[in-house]
Amino acid sequence: GYQSVDYLDFEARLGGKEAMPEYSNALGVFDGIFLREAAEILIDTKTPYTAHLITATTHSPWQIPADATRPFKKKRANTFHYLDQSIEAFIQAFREKSPSFEETLFVIVADHTSVLYGKSIMERIRVPLFFYSPKLETVQAGWKPHPNHYASQVDIIPTILQLIDGNHSYSGMGNSLLSEERPDAGAISSNRYESLYLKDDYALRYSPFASAGEDIQLFSIHNGKIIENDISKNHKDVVEKLKREYFSLYETSSRLANEKRFIPVSGTHSRGNESADVSDLTK
């Protein structure tokens, strides 16, 4: 049910093919220009909507417009600075021009990490996640924190649904990050070679391409850091428990994907406040 807006649509808005070298790189339209045009499109939309925008500048080849400010020595750091400014301008445009700004929810999240501050495992799998709306500032003090709970992208939609008035049917995985009670669930982070399953004070690493007997490792988590010292031999009960949970989640996600039930299908999602807009901004 989505209406997509692609590179060619932006090309038409920006003056044609000849103008695009100034506005884009190999990955697409520069974030600032892209979000500026996207804001104009969305602000002119008169009905409630959900918008999903994917930025691309903070990625190799790390290019930003020639006139963009460059306060850092490192090329990559300047692309993140540029993205920050682009998102700020995007939200400011809504603040100044959109009559529904007070009813708009902005969600900013990364799909994966890239430039790191350190070399630890946890540093390699952390991604930023922000929920912003003027209305949230008045209610956030009442939310119960879950400092030892690990979350991932699958928890975003359930959290959004809790923030929107009305009753909602949801058929995917994940839990709202604003639930009163801490869900008894871990979080999975994977790449093409291995997966990590984080829960409580442990991180289970599953490496399907490793040698027999070395495919499963168990690490402890202390002060927010994964200690890379395999303790699986001394905690066999924990290993078996986390293995069952990990493979159950993996199998469930595969089944939901095959049945196309990761997100609510048309007709299963109702809203009590039809004036509320949702902008889901994904990097």
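Data block above holds the structure.
In this text, all values refer to a predicted model and were calculated from it rather than measured experimentally. Along each chain, residue indices are assigned from 1 in the same order as the chain's sequence is written. Local features in a predicted model are, by the rule used here, given only for residues with pLDDT of at least 70; side-chain atom pairs are given and counted only at 80 or more, and totals for whole chains, interfaces and linings are based on all residues. To get the side-chain values, all heavy atoms of the structure are used, and hydrogens and water are removed first.

Peer 1: So what's going on with the overall build of the protein chain? Residues and values would help.
Peer 2: Within the protein chain one finds seven helices and eleven strands. In terms of overall dimensions, the protein chain has C-alpha extents of about 65 × 50 × 40 Å along its principal axes. A burial count over the protein chain gives 37% of its 283 residues as buried. In this description, contact between two residues means that some pair of their heavy atoms is separated by no more than 4.5 Å. Excluding contacts between residues fewer than 6 apart, the proportion of contacts in the protein chain whose partners are at least 24 apart in sequence is 56%. Residue-level accessible areas treat just the shown protein chains as cover; the underlying method is Shrake-Rupley with a 1.4 Å probe. When the accessible area of the protein chain is evaluated, it comes to approximately 17,400 Å², of which 51% is carbon and sulfur surface. For the protein chain, the distance from the average site of its 31 positive side-chain charges to the average site of its 38 negative ones is 6 Å. Under the scheme used here, helices are H or I runs from DSSP no shorter than 4 residues and strands are E runs no shorter than 2 residues, and both carry numbers assigned from the N terminus. Exposure classes here rest on a 1.4 Å probe applied to the protein chains alone. A residue is buried below 20% of its type maximum, exposed above 50%, and partly exposed in between. Residues counted as positive are Lys and Arg, residues counted as negative are Asp and Glu, and His and the chain ends are not counted. Where a charge lies is defined by one atom per residue type, namely NZ (Lys), CZ (Arg), CG (Asp) and CD (Glu).

Peer 1: Can you tell me about unusual backbone geometry, naming the residues and giving the values?
Peer 2: Looking along the chain, the bond that leaves Ser-60 and enters Pro-61 is cis, with omega of 20°. Residue Asp-200 is not a glycine yet carries a positive backbone phi of 55°. Locating Asp-200 in the fold gives a position in the loop between strand S7 (195-199) and strand S8 (202-206). A relative accessible area of 36% places Asp-200 in the partly exposed class.

Peer 1: Run through the pattern of salt bridges, naming residues and quoting values.
Peer 2: Any Lys or Arg side-chain nitrogen found within 4 Å of a carboxyl oxygen on Asp or Glu counts as a salt bridge. By the definition in use, this model includes ten salt bridges. Arg-13 is the partner of Glu-37 in a salt bridge, and the nearest nitrogen-oxygen pair spans 2.8 Å. Taken together, the positions of Glu-37 in helix H3 (residues 31-43) and Arg-13 in helix H1 (residues 7-14) put the pair 24 residues apart, joining distant regions of the chain. Judged by its relative accessible area of 7%, Glu-37 is buried. Among the ionic pairs, Glu-40 bridges to Arg-13, the shortest N-O distance being 3.1 Å. Residue Glu-40 is found in helix H3, and its partner Arg-13 is found in helix H1; the two are separated by 27 residues along the sequence. For Glu-40, a relative accessible area of 36% corresponds to the partly exposed category. Linked by salt bridges that have partners in common, Arg-13, Arg-36, Glu-37 and Glu-40 make up one network.

Peer 1: Which residues make up the environment of Pro-71, and what values do they have?
Peer 2: Relative to the helices and strands, Pro-71 is located in the loop between strand S3 (50-54) and helix H4 (75-97). Taking the C-alpha atoms as reference points, Pro-71 and Lys-260, 189 residues apart in sequence, are found 45 Å from one another.

Remember, this is a structural readout, not a statement about activity or role.
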